[in-house]
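Observations on the three-dimensional arrangement
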Amino acid sequence: MLSRLSETKMSHAFVRAMNSGLIGEADTAILFYDLSHLRERIEDLISLFPKSALHAVAVKANSLTKILTEIKTFDAGLEAASLPELFLAEHAGFPPEQIVFDSPVKTVQEIAYALNLGVHINADSFAELERVSELQKQKPSKSPVGVRINPQVGTGTILSTSVAGEYSKFGIPMKSHREAIAECFLKYDWLRGVHIHIGSQGCEPALLMKGIETVLMFVNETNERLRRAGLQRRIDIFDIGGGLPVSYHRDKEPFQMSQYKEEIKFRFPDLFTDKFKLITEFGRYIHANTGWTASRVEYVKEEQHVRTAMIHVGADMFLRKCYRPEDWHHEISVLDSKGNIKTGKDEKKYIVVGPLCFAGDMIAREIDLPKVEPGDYMVIHDTGAYTLSMWSRYNSRQIPKVLGYYEDGEKFEILRERESLSTLWEFWS
Ligand SMILES: Cc1ncc(COP(=O)(O)O)c(C=O)c1O
C-alpha cells in the first residue's frame, strides 16, 4: 500500500540535510523530494499494467530536469503538454516512442516538428486533424496519432481541473460529434488512437471509468465499421490520461493504483489484451506525495485571536491553494530550529502567509498548530506536483533550492540550486 510520507520521515530527512550542511543561511525555504518514494510509485505503476503499456508521466506536474532523467531510468515515458515540454522530454533523453505530445493549441510548425520526431501525437480538434492530414500528405510520418475525445461524463468536485463536462475547452465533444469523429477514423488511415482525460484530483475513479467506458463503446462500434468497410486497420491505441486522485489529508487513505487497475481490467478486459496499446498519463499520482516543502518562520505576528506565521513561500509556489483555498489542501507540521517535530496545540489559531505583496498570499487560514516561534520551520506536506511547476514570478522571489534524497536522507542530491540573482536578471531581460 502506497501512502503519504510521515512527519517523522520528513523530520529525519530535514535533520540529515541540516547536519550535512545542505541548508545554508540563505535557504529560507527548501523543497525536498523523496526519490526512493518516487521510484516506488513508478515501479508500482509499471508492474500493474501490461508490459506493452506506455506510462507517459505528465511533465506539467513536475518539470525538474533531474526528476525527468530519474523517470527515464525506469521504463516510463513522458507526456508533454507544450512544445517546450516536448523539448524537455527530448533533452532528458527520452526516445520518441516514449513521448506523448498533447498540447491543445499546436501550431502547424509544432505539429510538423512532432511528426518529424515520430512522437505519439494526440490531436485536440478536427482542425488539428486536418493540419496533421496536410502534413502527412507532404511527408508521411511514423508518429502514432490519436484524437482527444471529451466523453462528457460530468465534472468532479474541482471545476478548474475538470475537463469532461458538457463543455470543455479540451478535445472533441462526443455527444454532438460522434458520427464526425467516426468518419475521421474511416477517412484518415494514419489515425489509430483515442485519448481521454477526465480531470485532475477532483474526479473519483468511478467517473474516470465512466469516461473509459463511453469511449470504449465508441471504439468498438467504429472498429466494426472499419471492418465492414473492408479496411485492414482498427483503433488500437487507447490513452486513458491521468487523473487518479491522491490523498492530501493525514486521515484519508488514498485510492490505490492497484485498485484502479483491477477495476479497469475487470470492466474492460480488452484493454489488457494485445488488441490495444494502453497509454497512461499520470502526474499527481507519481509526484504529489513524494515532495514536501520546509520554510523558515521569519516572524510571528500577534493579534488578539490569531497568530500569523510569516514564511518564505506562498502564492509564488502554491498558486492553486492561495487562489482556490476551498479546493486544495496541504497538511502542515512545525519543526523547531534543529528539525525536531513540535507537538501540542497552541491556544490561538494560526494564519500561515507567504512573503508576497498581496493579501491573498495565504497558505492556511485559522488552523491549529503547535506553538510557533521565529526560527522554526513550517513543513508543508505533499508538494511534489503542480507546485514548483506552477511557479509564479510575481515579486521576483528566487526559486528555492531543491534537494532529492534516498532512504530517508542517507543520500542527498541537489536537484536544483537556489535561483541566482543573475538568472533572475536574465529572466526579466
Ligand atoms: C491531458 C492530461 N494528461 C494528464 C494529466 C495529468 O493529470 P494528473 O496529474 O491528475 O494525473 C493532465 C493534467 O491536467 C492532463 O491535462
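Provided above is the structure to which this section pertains.
So, a few notes on the structure that sits alongside this text. Every value quoted in this text rests on a predicted model; they were computed, and no experiment measured them. (Residues numbered from 1 in each chain as written. Predicted model: local features only at pLDDT ≥ 70, side-chain atom pairs only at ≥ 80, totals over all residues.)

1. With respect to the site of the ligand
- Lining the immediate surroundings of the ligand are 15 residues, of which Ser200, Gly242, Glu281, Gly283 and Arg284 lie closest.
- The class makeup of the residues in the shell around the ligand is four nonpolar, seven polar and four charged. (Near = placed C-beta within 6 Å. Nonpolar A, V, L, I, M, F, W, Y, C, P; charged D, E, K, R; others polar.)

2. Digging into the packing of helix α2 (residues 35-48) against helix α9 (residues 257-267)
- One way to put it is that α2 packs onto α9 with a least axis distance of 10 Å and a crossing angle of 15 degrees. With respect to their mutual orientation, α2 and α9 come out roughly parallel. Our pair here, α2 against α9, has a crossing hand that is right-handed. Residues Asp44, Leu45 and Leu48 of α2 touch α9, and the partners they reach there are Met257, Ser258 and Lys261.
- Here the residues of the contact of α2 with α9 are counted per class, giving three nonpolar, one polar and two charged. (Axes fitted to C-alpha atoms, helices over the stretch in contact; angles between N-to-C directions. Helix = DSSP H or I, 4+ residues; strand = E, 2+ residues; numbered from the N terminus. Parallel < 35°, antiparallel > 145°, perpendicular 65-115°, else oblique. Left-handed = near helix turned anticlockwise from the far one by under 90°. Contact = placed C-beta atoms within 7 Å.)

3. Some points on the sheet that holds strand β19 (residues 411-416)
- Pairing within the open sheet is mixed, and its six strands lie in the order β14-β17-β11-β1-β18-β19. The sheet is open, and its two edges are formed by β14 (332-335) and β19, each paired on a single side. Taking the axes of each pair of neighbouring strands and ignoring which way they run, one obtains an average angle of 25 degrees across the sheet.
- Both strand β18 (residues 401-406) and β19 contribute to a ladder of five bridges, which runs antiparallel. Bridged to Tyr405 within β19 is Phe412.
- Running over the sheet, helix α1 (residues 7-19) touches β1 (29-34), β11 (291-296), β14, β17 (377-380), β18 and β19 and is turned about 40 degrees from β14. (Pairing = 2+ DSSP bridges.)

4. Concerning the environment of Asp408
- In this structure, Asp408 sits in the loop between β18 and β19.
- Taking the number of C-beta atoms within 10 Å as the measure of exposure, Asp408 has 17 and is therefore partly exposed.
- In this structure, the C-alpha to C-alpha distance between Asp408 and Phe14, residues 394 residues apart in sequence, is 9.1 Å.
- Excluding residues that lie within four positions of it along the chain, Asp408 makes contacts with Lys9, His12 and Ala13. (Buried ≥ 20, exposed ≤ 12 C-beta atoms within 10 Å, placed from the backbone.)

5. Some points on the packing of helix α8 (residues 205-228) against α9
- Where α8 meets α9, the axes come as close as 11 Å, and the angle between the chain directions of the two elements is 35 degrees. Note that α8 runs across α9; the crossing there is right-handed. From α8, Pro205, Met209 and Ile212 reach across to α9, where they touch Tyr260, Glu263, Ile264 and Arg267.
- The residue inventory of the contact of α8 with α9, partitioned by class, reads five nonpolar, no polar and two charged.

6. As for the pairing of strand β8 (residues 191-195)
- For β8, the buried fraction is high: four of the five residues fall into the buried class.
- Relative to β8, strand β6 (residues 145-150) runs parallel, the two being bridged by four bridges. What sits directly across from Val147, in β8, is Val194.
- Crossover handedness for the path β8 to α8 to strand β9 (residues 237-239): right-handed. (Right-handed = clockwise from strand over helix to strand, strands pointing away.)

7. Some words on unusual backbone geometry
- With a phi close to 50 degrees, Gln152 is a non-glycine residue in the positive phi region.
- The exposure class of Gln152 is partly exposed, given the 18 C-beta atoms found within 10 Å.

8. Some points on the environment of Lys277
- You can see Lys277 is positioned in strand β10 (residues 277-280).
- For Lys277, a count of 18 C-beta atoms within 10 Å translates into the label partly exposed.
- Residues Lys277 and Lys51 lie 226 residues apart in sequence; the distance between their C-alpha atoms is 9.7 Å.
- Non-local contacts of Lys277, meaning those with residues more than four positions away in its chain, are made with Ser52, Leu54, Asp236 and Ile237.

9. As for the nonpolar core
- Grouped together as the largest cluster of nonpolar side chains are 112 residues, with contacts concentrated most on Phe32, Leu78, Ile99, Val352, Met378 and Val379.
- Both domains that meet at this core, namely domain 1 (7-32 + 289-427) and domain 2 (103-280), each give it at least three residues.
- In this structure Val379 touches Met10, Trp292, Ala294, Ile332, Ser333 and Leu335, once residues within four positions along its chain are discounted. (Core = buried A, V, L, I, M, F, W, Y, C linked by C-beta atoms within 7 Å. Domains from an automatic or database assignment.)

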